[in-house]
Protein chains: 2
Amino acid sequence: MVSSSTSQVKKAIVFIANGTEEMEAIITIDVLRRASIQVLVLAVETSTGAITCSRNVRIVPDAYLGDDSVKISTYDAVIIPGGADGAATLSQNAQVNSVLAEFYAQNKIVAAICAGSLAIKSAGIQNKVPHPICLTSHPSVKDQLKNDFVYKEDRVVVDSNLVTSRGPGTTFEFALRLVSLLVSEDKAREVAGPMMLNFEI
Amino acid sequence: MVSSSTSQVKKAIVFIANGTEEMEAIITIDVLRRASIQVLVLAVETSTGAITCSRNVRIVPDAYLGDDSVKISTYDAVIIPGGADGAATLSQNAQVNSVLAEFYAQNKIVAAICAGSLAIKSAGIQNKVPHPICLTSHPSVKDQLKNDFVYKEDRVVVDSNLVTSRGPGTTFEFALRLVSLLVSEDKAREVAGPMMLNFEI
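Residues numbered from 1 in each chain as written. Chains lettered and ligands numbered in written order. Predicted model: local features only at pLDDT ≥ 70, side-chain atom pairs only at ≥ 80, totals over all residues. Heavy atoms only, no water.

Caption draft 1: The relation of the copies chain B and chain A, seen in detail. Mapping chain B onto chain A calls for a screw motion: a turn of 180° about the axis and a shift of 0.0 Å along it, with 0.0 Å RMSD after fitting. Taken together, the rotation angle and the small translation identify this as a two-fold axis. Taking the C-alpha atom as reference, chain B places I59(B) closest to the rotation axis, 2.4 Å from it. A shared binding surface is used by both copies, with 100% of the interface residues of chain B retained as interface residues in chain A. (Least-squares fit on C-alpha atoms with pLDDT ≥ 70 in both. Contact = heavy atoms within 4.5 Å.)

Okay, here's the thing in C-alpha cells:
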C-alpha cells in the first residue's frame, strides 16, 4: 500500500538538473498535470536561470531546492528523470538523497526513470528493507545497479512504493502508472484517452 | 520527393507559442536533435521571456520570430506542434502562414501534429495543388479539417512533403518519420534503439 496525504489533490515533485532528459521530465510533468496532480518542477542547480536539458531544451523550473517556500514534506511523490548528466547531479546531491530516503521510509511514492534509477542507489534505499528490492533503469546503467537490486527488464517496475522505468519511450507508461497509484486507474484511463497512445491501460 | 539543401546537416524550425503542447514540442525537438538535425525552437510571441506551454511547463525558445539573426529560408523543415491555444496562435500568425506556404511550395518538409494541423489549413496549403491533400490531426479538430482535406486516421500521414500526426502519444512516430525523411531510415532506427520504444521502425 502506498501512503498518501488525506488531501484530495495529490502533489508530486519532479527534480531536474542541467542535463536532465527533457522528454522524460516533460512527459511525466504533463501527464501528471493532466490528471490534476499538482506538480512542482524543482531544480537542484544553484543558479536562478533556466535548466539546460540533455538535448539543449531550456526549462524554467517552478522553484529551486533550498527555496524556503517549498515544503517538501507536504508532497506525496518524488520523481527523478534520467539523462546521464542530470541523473549524476541528482544522485550526488545530499538533499535529494535525503528526500528520496525519507519519502521511501514514509511509504510515499519514489519514482525514477532511465539513469535516474542511480539516485535510488545513492539514496541507500536498497539498505532500508531486509529483502532485495526490484527495479529497472536504462540498460546503459544496468551494470551499476544489478548487484544491489533485483534487476528487472520490464518497461515499468513497481515494488511497493518504488516505481522505476527505462527511457524516453517508456515514459508515458511510467507516468500513467504514477497516476494510477496516486489517483486511480480510472483517472489514468481518462487521461490516456485523448493522448492517442498506441497501447491500452 | 522531398527537397532539401545540399548541406550535410539538416535544419528544422519548431514553432512554439504560449499554449503549445509541451510533450509534442519537446519529443519532436529532442528526437530530431538525437539525429543530429539542427533544431531551432522559434517562438512567435513578442515577449522575450519563456513560453508557457499548455500544462504550464515554461520553455525558453532559441529565438523569436522577427529576430534578424534567424534566416528562415536556410531551413529544411518547419514543424507546428499542437495544444489548442498554441496552435490557434500559430494558425493566426501571418508570418507563420507565409513560412508554411513557402516551404510547401519549395517542396521542403511541412509538418504538424494534433491541433497544429489547423495551421496547414490557415496557410492555404490545400489550395496550392490541384488534387486533394491527405492529412490527419487530433480528433478534436477533425471537423475543422475534413471538408478541406482527405482526412485520414493513421497515426502519421505523409502526403508528398506534408507530414501530419495525431497527438502526444503519436509524437515519437511523427518525429522518427521526420528523421527518416530528412536524414535516413537507418538514422531513425539508430536513434530509436536507445529510447526504449514499444514499436519497431
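Further notes follow.
Caption draft 2: Highlighting the interface of chain B and chain A. The partner chain A presents 34 residues to the 34 residues of chain B that form the contact. On inspection of chain B and its partner chain A, the count reaches 3 salt bridges. One salt bridge in this structure joins R58(A) and D62(B), with 3.9 Å as the shortest N-O distance. If you list the elements that add at least two residues to the side of chain B that touches chain A, you get α1 (22–34) and β4 (58–60) of chain B. Of all the elements, α1(B) adds the most residues to the side of chain B that touches chain A, at 9 residues. Among the residues making up the side of chain B that touches chain A, the classes are represented as 18 nonpolar, 6 polar and 10 charged. (Salt bridge = Lys/Arg side-chain N within 4 Å of Asp/Glu carboxyl O. Helix = DSSP H or I, 4+ residues; strand = E, 2+ residues; numbered from the N terminus. Nonpolar A, V, L, I, M, F, W, Y, C, P; charged D, E, K, R; others polar.)

Caption draft 3: Up close: α1(B). Residues and elements named next belong to chain B. Its 13 residues give α1 an end-to-end C-alpha distance of 18 Å, which sits within 8% of 18 Å, the value for a rise of 1.5 Å per residue. N-cap assignment for α1: the residue whose side-chain oxygen lies 2.7 Å from the backbone N of M23 is E21. With its phi angle positive at about 60°, S36 sits one or two positions after the end of α1. (Expected span 1.5 Å × (residues − 1). Polar contact = N/O pair within 3.5 Å; in protein donor to acceptor, adjacent residues only side chain to side chain.)

Caption draft 4: Broad picture of the packing of aromatic side chains. Enumeration over the complete set of coordinates arrives at 0 aromatic pairs over all chains. Across from the ring centre of F103(A), 4.6 Å away, lies the NZ or CZ of K108(A), which sits over that ring. (Phe/Tyr/Trp six-rings, centres within 6.5 Å; stacked < 30°, edge-to-face > 60°. Lys NZ or Arg CZ within 6 Å of the ring centre and 35° of its normal.)

Caption draft 5: Quick peek at the layout of surface pockets. What the largest pocket holds in volume is close to 260 Å³. Taken together, the residues that form the lining of the largest pocket break down as 7 nonpolar, 6 polar and 5 charged. (1 Å grid on protein atoms, 1.4 Å probe; cavity = no way out; pocket = protein on both sides within 12 Å on 5 of 7 lines; lining within 4 Å. Points joined across faces, edges and corners; volume = space filled by probe spheres on them.)

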